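Residue-level structure breakdown
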Amino acid sequence: MSEDKDKNTNVNLDKDYEKNFSLIDGALKDCPDIIRRQVILNSGKKGCFFFVQGLCDVDLFQRDFMTPLLNLKKLDSEDLKYLPNKIPVAGLSFPTLIYNILQDILAGSAVFICDGLNQGISCTLKKYEKRSISEPEGEKSIRGDHDGFIEDMATNISTLRRKLKTVDLKFKNFIVGNISHQTVSVAYLEGIANPNLLQIISDKINQIDTDSLIAIGYLEQIIADHPNSIFPQYLATERPDKAVAGLLEGKFVIMLQETSFVMIAPVTFHAFTQAPEDYSTHWIGATYLRILRTMAILIALFLPGIYIALLTYHYYMIPLPLLVQLAQSRTKVPFPPVIEAFLIEFMIEMVREASIRLPSFITASISIVGGLVIGQTAIQAGIVSDLMVIIIAASAIAGFTMPTYDLGISIRLVKYIVMITSSIFGILGVVIPMVMLLAHLIVLDSLGEPYFQPIAPFKFGDLKDTYIRAPIRYLKKRPDIAKPLDKERGKKNG
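Note that the structure is a prediction, hence the values are computed from the model and not measured. (Residues numbered from 1 in each chain as written. Predicted model: local features only at pLDDT ≥ 70, side-chain atom pairs only at ≥ 80, totals over all residues. Heavy atoms only, no water.)

It is worth spelling out the pattern of salt bridges at this point. Under the defined criterion, the tally for this structure stands at 23 salt bridges. Residue Lys204 pairs with Asp225 through a salt bridge whose shortest N-O separation is 2.7 Å. Taken together, the residues span a long stretch of sequence, with Lys204 in helix α7 (residues 195-206) and Asp225 in the loop between α8 (216-223) and β8 (235-237) at a distance of 21 residues. Overall, the relative accessible area of 26% leaves Asp225 in the partly exposed class. With a shortest N-O distance of 3.5 Å, Lys483 and Asp480 are connected by a salt bridge. For Lys483, a relative accessible area of 29% translates into the label partly exposed. A relative accessible area of 18% means that Asp480 is categorised as buried. Here the residues in one salt-bridge network are Glu449, Lys459, Asp480, Lys483 and Lys487, joined through shared partners. (Salt bridge = Lys/Arg side-chain N within 4 Å of Asp/Glu carboxyl O. Helix = DSSP H or I, 4+ residues; strand = E, 2+ residues; numbered from the N terminus. Buried < 20%, exposed > 50% of the residue type's maximum accessible area, 1.4 Å probe, protein only.)

Here it is, written out as C-alpha coordinates:
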(Lines give C-alpha, C1' and ligand atoms only; values in the text may rest on other atoms or scores of the structure.)
Protein backbone atom coordinates (compact mmCIF):
# COMPACT_ATOMS: atom_id res chain seq x y z
CA MET A 1 0.00 0.00 0.00
CA SER A 2 2.83 2.36 0.88
CA GLU A 3 4.63 1.51 -2.37
CA ASP A 4 1.51 2.36 -4.37
CA LYS A 5 1.23 5.68 -2.56
CA ASP A 6 4.88 6.51 -3.27
CA LYS A 7 4.36 5.61 -6.91
CA ASN A 8 1.40 8.00 -7.15
CA THR A 9 3.29 10.91 -5.58
CA ASN A 10 6.67 10.37 -7.22
CA VAL A 11 5.52 12.10 -10.41
CA ASN A 12 6.10 15.55 -11.87
CA LEU A 13 3.55 18.31 -11.51
CA ASP A 14 1.27 18.77 -14.46
CA LYS A 15 0.13 22.12 -15.85
CA ASP A 16 -3.41 20.95 -15.12
CA TYR A 17 -4.25 22.45 -11.69
CA GLU A 18 -7.15 20.10 -10.97
CA LYS A 19 -4.96 17.04 -11.53
CA ASN A 20 -2.21 18.39 -9.24
CA PHE A 21 -4.69 19.35 -6.53
CA SER A 22 -6.35 15.94 -6.68
CA LEU A 23 -3.02 14.11 -6.19
CA ILE A 24 -1.87 16.34 -3.31
CA ASP A 25 -5.27 16.44 -1.62
CA GLY A 26 -5.62 12.66 -1.92
CA ALA A 27 -2.21 12.10 -0.32
CA LEU A 28 -3.18 14.46 2.55
CA LYS A 29 -6.54 12.78 3.16
CA ASP A 30 -7.59 12.62 6.84
CA CYS A 31 -4.99 15.24 7.82
CA PRO A 32 -7.20 17.98 9.37
CA ASP A 33 -4.17 19.97 10.54
CA ILE A 34 -3.16 20.66 6.92
CA ILE A 35 -4.87 23.79 5.64
CA ARG A 36 -5.92 24.03 1.98
CA ARG A 37 -6.74 27.56 0.89
CA GLN A 38 -8.00 27.73 -2.70
CA VAL A 39 -7.80 31.17 -4.33
CA ILE A 40 -8.15 32.93 -7.67
CA LEU A 41 -5.31 35.21 -8.74
CA ASN A 42 -5.76 38.64 -10.29
CA SER A 43 -4.94 37.01 -13.59
CA GLY A 44 -7.97 34.72 -13.18
CA LYS A 45 -5.98 31.53 -12.62
CA LYS A 46 -6.92 29.05 -9.94
CA GLY A 47 -4.44 28.21 -7.20
CA CYS A 48 -4.18 26.66 -3.76
CA PHE A 49 -2.00 27.25 -0.71
CA PHE A 50 -1.06 24.32 1.56
CA PHE A 51 0.46 24.57 5.04
CA VAL A 52 0.38 22.75 8.37
CA GLN A 53 -1.43 24.56 11.14
CA GLY A 54 0.93 24.98 14.07
CA LEU A 55 4.12 24.58 12.04
CA CYS A 56 3.75 27.57 9.73
CA ASP A 57 3.80 31.23 10.79
CA VAL A 58 0.33 32.30 9.64
CA ASP A 59 0.99 36.05 10.00
CA LEU A 60 4.07 35.90 7.78
CA PHE A 61 2.24 33.60 5.40
CA GLN A 62 -0.63 36.03 4.88
CA ARG A 63 1.49 39.18 4.78
CA ASP A 64 4.63 38.18 2.90
CA PHE A 65 3.67 35.14 0.82
CA MET A 66 -0.02 34.90 0.05
CA THR A 67 -0.80 38.60 -0.48
CA PRO A 68 2.09 39.29 -2.93
CA LEU A 69 1.18 36.20 -4.96
CA LEU A 70 -2.51 37.17 -5.14
CA ASN A 71 -1.58 40.65 -6.35
CA LEU A 72 0.52 39.38 -9.26
CA LYS A 73 -1.04 40.28 -12.59
CA LYS A 74 0.80 37.50 -14.37
CA LEU A 75 2.27 34.21 -13.22
CA ASP A 76 3.72 31.62 -15.57
CA SER A 77 6.88 29.51 -15.84
CA GLU A 78 8.91 32.43 -17.22
CA ASP A 79 7.94 34.65 -14.27
CA LEU A 80 9.25 32.21 -11.64
CA LYS A 81 12.88 33.27 -12.12
CA TYR A 82 11.92 36.86 -11.16
CA LEU A 83 9.66 35.83 -8.28
CA PRO A 84 12.30 36.14 -5.49
CA ASN A 85 12.52 39.87 -6.32
CA LYS A 86 8.75 40.30 -6.01
CA ILE A 87 8.11 38.30 -2.81
CA PRO A 88 9.98 39.61 0.29
CA VAL A 89 10.74 36.25 1.91
CA ALA A 90 13.79 34.01 2.17
CA GLY A 91 13.84 30.32 1.42
CA LEU A 92 11.91 30.21 -1.84
CA SER A 93 12.15 26.99 -3.86
CA PHE A 94 10.33 25.56 -6.82
CA PRO A 95 9.74 21.80 -6.43
CA THR A 96 8.65 19.88 -9.49
CA LEU A 97 7.75 16.52 -7.89
CA ILE A 98 4.52 15.90 -5.99
CA TYR A 99 6.59 13.97 -3.44
CA ASN A 100 8.87 16.98 -2.80
CA ILE A 101 5.87 19.25 -2.39
CA LEU A 102 4.39 16.92 0.22
CA GLN A 103 7.70 16.80 2.11
CA ASP A 104 7.92 20.61 2.12
CA ILE A 105 4.37 20.91 3.45
CA LEU A 106 4.98 18.38 6.24
CA ALA A 107 8.27 20.09 7.15
CA GLY A 108 6.42 23.34 7.92
CA SER A 109 6.74 25.25 4.64
CA ALA A 110 3.88 26.93 2.84
CA VAL A 111 3.42 25.64 -0.73
CA PHE A 112 1.45 27.17 -3.60
CA ILE A 113 0.33 25.43 -6.79
CA CYS A 114 -1.29 27.21 -9.69
CA ASP A 115 -3.07 26.44 -12.92
CA GLY A 116 -0.66 26.50 -15.86
CA LEU A 117 2.43 25.92 -13.68
CA ASN A 118 4.26 22.59 -13.62
CA GLN A 119 6.25 23.78 -10.59
CA GLY A 120 5.19 24.51 -7.06
CA ILE A 121 6.25 27.59 -5.06
CA SER A 122 7.54 26.59 -1.62
CA CYS A 123 8.39 29.12 1.09
CA THR A 124 10.04 28.36 4.43
CA LEU A 125 7.84 29.97 7.10
CA LYS A 126 8.38 27.57 9.99
CA LYS A 127 7.17 28.57 13.42
CA TYR A 128 6.36 26.20 16.27
CA GLU A 129 6.47 26.10 20.04
CA LYS A 130 9.79 25.25 21.70
CA ARG A 131 10.99 25.34 25.26
CA SER A 132 13.43 27.94 26.49
CA ILE A 133 17.14 27.21 26.88
CA SER A 134 17.98 26.01 30.38
CA GLU A 135 20.65 23.97 32.15
CA PRO A 136 20.24 20.20 31.67
CA GLU A 137 18.84 18.56 34.80
CA GLY A 138 21.03 15.47 34.46
CA GLU A 139 24.32 17.32 33.87
CA LYS A 140 24.62 20.01 36.50
CA SER A 141 27.79 22.08 36.61
CA ILE A 142 29.10 24.30 39.39
CA ARG A 143 31.37 26.60 37.41
CA GLY A 144 30.41 25.67 33.87
CA ASP A 145 27.86 27.22 31.52
CA HIS A 146 24.22 26.99 32.47
CA ASP A 147 22.70 26.64 29.03
CA GLY A 148 21.74 23.46 27.25
CA PHE A 149 20.56 22.06 23.94
CA ILE A 150 16.84 21.87 23.22
CA GLU A 151 14.69 19.89 20.77
CA ASP A 152 14.98 22.51 17.99
CA MET A 153 18.00 21.74 15.78
CA ALA A 154 18.19 25.28 14.39
CA THR A 155 18.57 26.63 17.92
CA ASN A 156 21.23 24.02 18.71
CA ILE A 157 23.18 24.89 15.58
CA SER A 158 23.00 28.60 16.43
CA THR A 159 24.23 27.81 19.96
CA LEU A 160 27.31 26.13 18.54
CA ARG A 161 27.77 28.98 16.06
CA ARG A 162 27.56 31.52 18.87
CA LYS A 163 30.35 29.78 20.77
CA LEU A 164 32.52 29.10 17.70
CA LYS A 165 32.49 32.17 15.46
CA THR A 166 34.44 30.64 12.60
CA VAL A 167 33.69 29.73 9.00
CA ASP A 168 35.45 26.42 9.67
CA LEU A 169 32.43 25.18 11.65
CA LYS A 170 30.65 22.98 9.13
CA PHE A 171 27.47 20.90 9.22
CA LYS A 172 26.74 17.88 7.03
CA ASN A 173 23.06 16.93 6.87
CA PHE A 174 21.39 13.57 6.25
CA ILE A 175 17.74 12.52 6.03
CA VAL A 176 16.88 9.34 7.96
CA GLY A 177 13.66 7.51 8.75
CA ASN A 178 11.46 6.08 6.01
CA ILE A 179 8.39 7.55 7.70
CA SER A 180 9.66 10.39 9.91
CA HIS A 181 12.17 11.88 7.42
CA GLN A 182 14.26 13.39 10.22
CA THR A 183 17.40 15.42 9.75
CA VAL A 184 20.70 14.23 11.21
CA SER A 185 23.39 16.90 11.24
CA VAL A 186 27.08 16.17 11.82
CA ALA A 187 29.05 19.20 13.06
CA TYR A 188 32.84 19.42 12.71
CA LEU A 189 35.66 21.92 12.36
CA GLU A 190 37.15 21.90 8.90
CA GLY A 191 40.93 21.82 8.95
CA ILE A 192 40.95 20.07 12.34
CA ALA A 193 38.52 17.14 12.01
CA ASN A 194 39.79 14.11 10.11
CA PRO A 195 37.88 13.65 6.82
CA ASN A 196 38.37 9.87 6.97
CA LEU A 197 36.35 9.71 10.21
CA LEU A 198 33.71 11.98 8.66
CA GLN A 199 33.40 9.50 5.80
CA ILE A 200 32.98 6.62 8.28
CA ILE A 201 30.18 8.49 10.06
CA SER A 202 28.54 9.37 6.74
CA ASP A 203 28.61 5.75 5.58
CA LYS A 204 27.09 4.55 8.87
CA ILE A 205 24.26 7.12 8.73
CA ASN A 206 23.55 6.49 5.04
CA GLN A 207 23.11 2.77 5.76
CA ILE A 208 20.38 3.38 8.36
CA ASP A 209 17.12 1.71 7.32
CA THR A 210 14.38 2.34 9.86
CA ASP A 211 10.97 3.99 10.12
CA SER A 212 11.99 6.63 12.64
CA LEU A 213 14.61 7.56 15.22
CA ILE A 214 12.64 8.57 18.29
CA ALA A 215 15.69 9.52 20.35
CA ILE A 216 19.44 9.90 19.91
CA GLY A 217 19.90 6.56 21.70
CA TYR A 218 18.33 4.77 18.71
CA LEU A 219 20.96 6.31 16.44
CA GLU A 220 23.76 5.43 18.86
CA GLN A 221 22.78 1.76 18.97
CA ILE A 222 22.45 1.51 15.18
CA ILE A 223 25.84 3.02 14.29
CA ALA A 224 27.85 1.63 17.24
CA ASP A 225 30.89 -0.43 16.25
CA HIS A 226 30.18 -2.92 19.07
CA PRO A 227 26.38 -2.93 19.59
CA ASN A 228 26.53 -5.84 22.07
CA SER A 229 28.91 -4.09 24.47
CA ILE A 230 27.38 -2.63 27.62
CA PHE A 231 29.81 0.30 27.51
CA PRO A 232 28.76 3.46 25.64
CA GLN A 233 30.90 4.18 22.57
CA TYR A 234 29.55 7.68 21.96
CA LEU A 235 29.29 10.45 24.53
CA ALA A 236 25.70 11.71 24.78
CA THR A 237 25.28 15.17 26.27
CA GLU A 238 22.92 18.12 26.49
CA ARG A 239 25.73 20.55 27.33
CA PRO A 240 26.97 22.88 24.54
CA ASP A 241 30.30 23.40 26.34
CA LYS A 242 31.01 19.67 26.12
CA ALA A 243 30.12 19.67 22.44
CA VAL A 244 32.34 22.68 21.73
CA ALA A 245 35.23 21.09 23.62
CA GLY A 246 34.82 17.97 21.49
CA LEU A 247 34.77 19.99 18.27
CA LEU A 248 37.96 21.80 19.27
CA GLU A 249 39.65 18.43 19.74
CA GLY A 250 38.76 17.39 16.19
CA LYS A 251 35.77 15.26 17.19
CA PHE A 252 32.33 15.19 15.58
CA VAL A 253 29.02 16.25 17.12
CA ILE A 254 26.01 14.31 15.81
CA MET A 255 22.63 16.02 16.22
CA LEU A 256 19.17 14.56 15.61
CA GLN A 257 16.14 16.67 14.80
CA GLU A 258 13.62 17.00 17.66
CA THR A 259 16.13 15.66 20.22
CA SER A 260 17.92 17.70 22.87
CA PHE A 261 20.81 15.24 23.27
CA VAL A 262 23.78 15.23 20.89
CA MET A 263 26.51 12.60 20.49
CA ILE A 264 30.24 13.23 20.48
CA ALA A 265 32.50 10.80 18.59
CA PRO A 266 35.04 9.32 18.70
CA VAL A 267 35.59 9.13 22.46
CA THR A 268 37.63 7.13 24.94
CA PHE A 269 36.54 5.46 28.17
CA HIS A 270 38.10 8.31 30.15
CA ALA A 271 35.83 10.89 28.50
CA PHE A 272 32.90 9.49 30.51
CA THR A 273 34.66 10.22 33.81
CA GLN A 274 35.38 13.89 33.03
CA ALA A 275 33.19 16.86 33.92
CA PRO A 276 33.14 20.36 32.34
CA GLU A 277 34.27 22.08 35.55
CA ASP A 278 37.50 20.05 35.47
CA TYR A 279 38.78 22.74 33.12
CA SER A 280 37.28 25.67 35.03
CA THR A 281 39.02 24.95 38.35
CA HIS A 282 42.69 24.90 39.33
CA TRP A 283 44.54 21.93 37.91
CA ILE A 284 45.37 20.53 41.37
CA GLY A 285 41.70 20.51 42.38
CA ALA A 286 40.67 19.07 39.03
CA THR A 287 43.29 16.32 39.33
CA TYR A 288 42.03 15.50 42.83
CA LEU A 289 38.46 15.16 41.52
CA ARG A 290 39.55 12.90 38.67
CA ILE A 291 41.53 10.64 41.00
CA LEU A 292 38.49 10.58 43.31
CA ARG A 293 36.24 9.48 40.44
CA THR A 294 38.75 6.81 39.39
CA MET A 295 38.79 5.41 42.93
CA ALA A 296 35.00 5.61 43.02
CA ILE A 297 34.80 3.47 39.86
CA LEU A 298 36.98 0.79 41.49
CA ILE A 299 34.91 0.93 44.70
CA ALA A 300 31.63 0.70 42.80
CA LEU A 301 32.89 -2.23 40.73
CA PHE A 302 34.77 -4.41 43.19
CA LEU A 303 34.04 -3.49 46.86
CA PRO A 304 30.86 -5.64 47.22
CA GLY A 305 32.53 -8.56 45.42
CA ILE A 306 35.64 -8.40 47.64
CA TYR A 307 33.50 -8.26 50.77
CA ILE A 308 31.42 -11.26 49.63
CA ALA A 309 34.59 -13.22 48.79
CA LEU A 310 36.13 -12.48 52.20
CA LEU A 311 32.99 -13.48 54.11
CA THR A 312 32.40 -16.63 52.05
CA TYR A 313 35.89 -18.10 51.58
CA HIS A 314 38.64 -15.90 53.01
CA TYR A 315 37.37 -14.90 56.46
CA TYR A 316 40.82 -15.72 57.92
CA MET A 317 42.13 -12.59 56.14
CA ILE A 318 39.83 -10.37 58.25
CA PRO A 319 41.39 -9.03 61.50
CA LEU A 320 40.09 -10.92 64.52
CA PRO A 321 38.37 -7.97 66.31
CA LEU A 322 36.49 -7.12 63.14
CA LEU A 323 35.72 -10.77 62.46
CA VAL A 324 34.08 -11.07 65.88
CA GLN A 325 31.89 -8.06 65.15
CA LEU A 326 30.95 -9.50 61.77
CA ALA A 327 30.07 -12.85 63.28
CA GLN A 328 27.81 -11.19 65.83
CA SER A 329 26.05 -9.03 63.22
CA ARG A 330 25.45 -12.05 60.99
CA THR A 331 24.08 -14.41 63.62
CA LYS A 332 20.50 -13.37 62.81
CA VAL A 333 20.92 -13.18 59.03
CA PRO A 334 19.41 -16.31 57.38
CA PHE A 335 20.91 -15.69 53.92
CA PRO A 336 24.40 -16.18 52.49
CA PRO A 337 26.34 -12.94 51.80
CA VAL A 338 25.62 -12.86 48.06
CA ILE A 339 21.83 -13.13 48.57
CA GLU A 340 22.03 -10.52 51.31
CA ALA A 341 23.97 -8.16 49.01
CA PHE A 342 21.52 -8.58 46.15
CA LEU A 343 18.56 -7.87 48.46
CA ILE A 344 20.06 -4.52 49.44
CA GLU A 345 21.07 -3.77 45.85
CA PHE A 346 17.53 -4.52 44.72
CA MET A 347 16.09 -2.11 47.28
CA ILE A 348 18.56 0.62 46.30
CA GLU A 349 17.78 0.13 42.60
CA MET A 350 14.04 0.42 43.29
CA VAL A 351 14.58 3.63 45.26
CA ARG A 352 16.82 5.00 42.49
CA GLU A 353 14.32 4.18 39.74
CA ALA A 354 11.38 5.54 41.72
CA SER A 355 13.20 8.80 42.43
CA ILE A 356 13.83 9.25 38.68
CA ARG A 357 10.31 8.44 37.49
CA LEU A 358 8.25 10.20 40.15
CA PRO A 359 7.67 13.98 40.39
CA SER A 360 10.43 15.91 42.14
CA PHE A 361 8.31 16.82 45.17
CA ILE A 362 7.80 13.11 45.94
CA THR A 363 11.46 12.15 45.45
CA ALA A 364 12.50 13.33 48.94
CA SER A 365 9.80 11.17 50.53
CA ILE A 366 10.93 8.13 48.54
CA SER A 367 14.52 8.64 49.66
CA ILE A 368 13.48 8.87 53.32
CA VAL A 369 11.27 5.77 53.08
CA GLY A 370 13.91 3.77 51.21
CA GLY A 371 16.97 4.90 53.12
CA LEU A 372 15.69 5.10 56.67
CA VAL A 373 12.58 3.00 57.03
CA ILE A 374 13.39 0.02 54.81
CA GLY A 375 17.14 -0.03 55.54
CA GLN A 376 16.89 0.35 59.30
CA THR A 377 13.93 -2.01 59.56
CA ALA A 378 15.74 -4.67 57.53
CA ILE A 379 18.72 -4.53 59.92
CA GLN A 380 16.52 -4.73 63.02
CA ALA A 381 14.54 -7.62 61.52
CA GLY A 382 17.77 -9.55 60.94
CA ILE A 383 17.29 -9.82 57.18
CA VAL A 384 20.59 -8.05 56.44
CA SER A 385 23.66 -7.16 58.48
CA ASP A 386 24.58 -3.57 59.22
CA LEU A 387 28.08 -3.80 57.68
CA MET A 388 26.68 -5.22 54.43
CA VAL A 389 24.36 -2.20 54.22
CA ILE A 390 27.36 0.09 54.63
CA ILE A 391 29.34 -1.75 51.93
CA ILE A 392 26.51 -1.70 49.39
CA ALA A 393 25.65 1.93 50.21
CA ALA A 394 29.30 2.96 49.76
CA SER A 395 29.33 1.19 46.40
CA ALA A 396 26.09 2.92 45.35
CA ILE A 397 27.36 6.37 46.38
CA ALA A 398 30.60 5.74 44.48
CA GLY A 399 28.52 4.99 41.40
CA PHE A 400 26.71 8.33 41.78
CA THR A 401 29.99 10.20 41.20
CA MET A 402 29.95 9.32 37.48
CA PRO A 403 29.31 12.46 35.38
CA THR A 404 27.50 10.41 32.71
CA TYR A 405 24.42 8.27 33.22
CA ASP A 406 25.37 5.65 30.61
CA LEU A 407 28.64 4.72 32.33
CA GLY A 408 26.84 4.40 35.66
CA ILE A 409 24.56 1.70 34.21
CA SER A 410 27.56 -0.18 32.77
CA ILE A 411 29.37 -0.12 36.12
CA ARG A 412 26.33 -1.47 37.96
CA LEU A 413 25.96 -4.37 35.53
CA VAL A 414 29.63 -5.32 35.84
CA LYS A 415 29.34 -5.06 39.63
CA TYR A 416 26.55 -7.65 39.67
CA ILE A 417 28.71 -10.05 37.64
CA VAL A 418 31.60 -9.59 40.09
CA MET A 419 29.27 -10.25 43.04
CA ILE A 420 28.10 -13.55 41.52
CA THR A 421 31.57 -14.79 40.51
CA SER A 422 33.09 -13.83 43.88
CA SER A 423 30.43 -15.86 45.69
CA ILE A 424 31.43 -18.92 43.61
CA PHE A 425 35.22 -18.59 43.23
CA GLY A 426 36.19 -16.31 46.10
CA ILE A 427 38.85 -13.67 45.48
CA LEU A 428 39.60 -15.34 42.14
CA GLY A 429 36.06 -14.39 41.15
CA VAL A 430 37.09 -10.76 41.56
CA VAL A 431 40.39 -10.99 39.71
CA ILE A 432 39.06 -12.84 36.65
CA PRO A 433 36.24 -10.33 35.89
CA MET A 434 38.75 -7.53 36.44
CA VAL A 435 41.08 -8.97 33.80
CA MET A 436 38.20 -9.70 31.42
CA LEU A 437 36.85 -6.16 31.86
CA LEU A 438 40.26 -4.70 31.05
CA ALA A 439 40.56 -6.96 27.98
CA HIS A 440 37.09 -5.94 26.82
CA LEU A 441 37.89 -2.22 27.13
CA ILE A 442 41.10 -2.74 25.15
CA VAL A 443 39.22 -4.53 22.34
CA LEU A 444 36.51 -1.86 22.03
CA ASP A 445 36.79 1.05 19.63
CA SER A 446 34.83 4.19 18.81
CA LEU A 447 34.63 5.00 15.10
CA GLY A 448 37.53 2.60 14.62
CA GLU A 449 39.72 4.37 17.20
CA PRO A 450 40.96 2.50 20.34
CA TYR A 451 38.51 2.99 23.20
CA PHE A 452 40.99 2.63 26.06
CA GLN A 453 43.77 4.89 24.81
CA PRO A 454 46.04 6.45 25.98
CA ILE A 455 46.52 3.35 28.15
CA ALA A 456 46.19 0.84 25.31
CA PRO A 457 47.75 1.76 22.99
CA PHE A 458 49.96 3.69 25.39
CA LYS A 459 50.40 7.36 24.49
CA PHE A 460 52.36 9.23 27.08
CA GLY A 461 51.48 12.68 25.69
CA ASP A 462 47.73 12.17 26.22
CA LEU A 463 48.07 11.00 29.84
CA LYS A 464 48.12 14.61 31.04
CA ASP A 465 44.38 14.87 30.39
CA THR A 466 43.06 11.51 31.65
CA TYR A 467 43.51 10.46 35.29
CA ILE A 468 45.15 13.82 35.98
CA ARG A 469 44.46 17.24 34.51
CA ALA A 470 47.68 19.07 33.76
CA PRO A 471 47.81 22.89 33.80
CA ILE A 472 46.13 24.49 30.77
CA ARG A 473 49.45 25.81 29.47
CA TYR A 474 50.64 22.23 29.00
CA LEU A 475 47.53 21.12 27.08
CA LYS A 476 48.83 22.49 23.79
CA LYS A 477 48.33 19.33 21.75
CA ARG A 478 44.96 17.91 20.82
CA PRO A 479 44.28 14.31 21.94
CA ASP A 480 45.12 11.72 19.31
CA ILE A 481 41.79 9.86 19.60
CA ALA A 482 40.19 11.80 16.71
CA LYS A 483 43.37 11.88 14.56
CA PRO A 484 43.07 15.68 14.12
CA LEU A 485 44.69 17.25 11.07
CA ASP A 486 45.92 20.20 13.14
CA LYS A 487 47.45 18.75 16.30
CA GLU A 488 48.50 22.05 17.89
CA ARG A 489 46.01 24.16 19.82
CA GLY A 490 46.16 27.85 18.99
CA LYS A 491 48.47 27.43 16.03
CA LYS A 492 47.49 29.62 13.10
CA ASN A 493 46.81 27.62 9.97
CA GLY A 494 48.69 28.67 6.89
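To continue, consider the sheet that holds β8. Across the sheet, 5 strands lie side by side as β6-β7-β9-β10-β8; this open sheet has antiparallel pairing. Each having just a single partner strand, β6 (169-176) and β8 make up the two edges of the open sheet. Between one strand and the next, the sheet's axes are offset by a mean angle of 25 degrees, whatever the strand orientation. In this fold α7 packs onto β6, β7 (182-189) and β9 (252-256), with an angle of close to 20 degrees to the strand it touches most, β6. (Pairing = 2+ DSSP bridges. Axes fitted to C-alpha atoms, helices over the stretch in contact; angles between N-to-C directions. Contact = heavy atoms within 4.5 Å.)

Whenever strands of a sheet pair, they do so through backbone hydrogen bonds, lying parallel or antiparallel. Here 5 strands make up an open sheet; going across it, the order is β1-β2-β4-β5-β3 and the pairing antiparallel. Looking at the sheet topology across the chains shown, the edges are occupied by β1 (34-40) and β3 (92-93). Summarising the sheet, β1 and strand β2 (residues 46-52) pair through 7 bridges and their orientation is antiparallel. Bridge pairing in β2 places Ile34 opposite Val52. Across the sheet, helix α3 (residues 58-70) touches β1, β2, β3, β4 (110-114) and β5 (121-123), and the angle it forms with β2 is around 165 degrees.

One can describe the packing of helix α12 (residues 337-357) onto helix α15 (residues 405-425) by two numbers: an axis separation of 11 Å at closest approach and a directional angle of 165 degrees. Classified by the angle their axes make, α12 and α15 are roughly antiparallel. The two elements α12 and α15 cross, and the hand of that crossing is left-handed. Here α12 contributes Val338, Ala341, Phe342, Glu345, Glu349, Arg352 and Ile356 to the contact with α15, which in turn contributes Tyr405, Arg412, Lys415, Tyr416, Met419, Ile420 and Ser423. When grouped by side-chain class, the residues that make up the contact of α12 with α15 number 8 nonpolar, 1 polar and 5 charged. (Parallel < 35°, antiparallel > 145°, perpendicular 65-115°, else oblique. Left-handed = near helix turned anticlockwise from the far one by under 90°. Nonpolar A, V, L, I, M, F, W, Y, C, P; charged D, E, K, R; others polar.)

Inspection of the secondary structure assignment puts Glu238 in the loop between β8 and α9 (240-248). When its relative accessible area of 11% is taken as the criterion, Glu238 is described as buried. Within the structure, the side chain of Glu238 is placed 2.7 Å from the side chain of Ser260, a separation counted as a polar contact. The residues touching Glu238, leaving out its near neighbours within four places in the chain, are Arg131, Pro136, Glu139, Gly148, Phe149, Ser260 and Phe261. (Polar contact = N/O pair within 3.5 Å; in protein donor to acceptor, adjacent residues only side chain to side chain.)

The terminal C-alpha atoms of helix α10 (residues 283-312), which comprises 30 residues, lie 43 Å apart, in line with the 44 Å expected from a rise of 1.5 Å per residue. The largest bend along α10 reaches roughly 45 degrees and is located at Phe302, with the proline Pro304 sitting one to four residues downstream. (Expected span 1.5 Å × (residues − 1). Bend = angle between axes of the 7 residues up to and from the residue.)

Okay, the nonpolar core next. If you look at the biggest cluster of nonpolar residues, it comprises 38 residues, and the most contacted ones within it are Leu160, Phe231, Leu247, Val253, Phe269 and Leu441. When residues of this core are traced back to their parent elements, those giving at least two are α6 (153-163), β7, α9, β9, β10 (262-265), α10, α15 and α16 (428-443). The greatest single-element share of this core, amounting to 5 residues, is contributed by α10. Not counting residues within four places of it along the chain, the set of residues in contact with Phe269 comprises Phe231, Ile297, Leu407, Leu441, Tyr451 and Phe452. (Core = buried A, V, L, I, M, F, W, Y, C linked by side-chain atoms within 4.5 Å.)

Looking now at the packing of aromatic side chains. Using the criterion set out here, one finds 13 aromatic pairs in the structure. Pairing Phe342 with Tyr416 gives two aromatic rings, centres 5.9 Å apart and planes at 45 degrees, and the pair type is tilted. With Phe342 in helix α12 and Tyr416 in helix α15, the pair connects residues that are 74 residues apart, well separated along the chain. Every member of this aromatic cluster is reached through a ring pair, and the members are Phe49, Phe51, Phe61, Phe65 and Phe112. (Phe/Tyr/Trp six-rings, centres within 6.5 Å; stacked < 30°, edge-to-face > 60°.)

Below, the discussion takes up the environment of Tyr307. Here Tyr307 shows up in helix α10. For Tyr307, a relative accessible area of 9% gives the class buried. Note: C-alpha distance between Tyr307 and Leu320 (13 residues apart in sequence) is 15 Å. With residues near it in sequence (within four places) discarded, Tyr307 still touches Leu326, Leu387, Met388 and Ile391.

It is worth spelling out the pairing of β4 at this point. Taken across its 5 residues, β4 has 5 buried, putting it largely inside the fold. Neither face of β4 is left uncovered, since the one carrying Ala110, Phe112 and Cys114 and the one carrying Val111 and Ile113 both have all their residues buried. As paired strands, β2 and β4 are joined by 4 bridges and run antiparallel to one another. Note on β4: the bridge partner recorded for Gly47 is Cys114. Two strands pair when backbone bridges link them, and β4 and β5 are joined in this way by 3 bridges, in the antiparallel orientation. Across the sheet, the residue bridging to Ala110 is Cys123, located in β5. Linking β4 to β5, which pair antiparallel, is a turn of 6 residues; within it Gly116 sits at a positive phi near 90 degrees.

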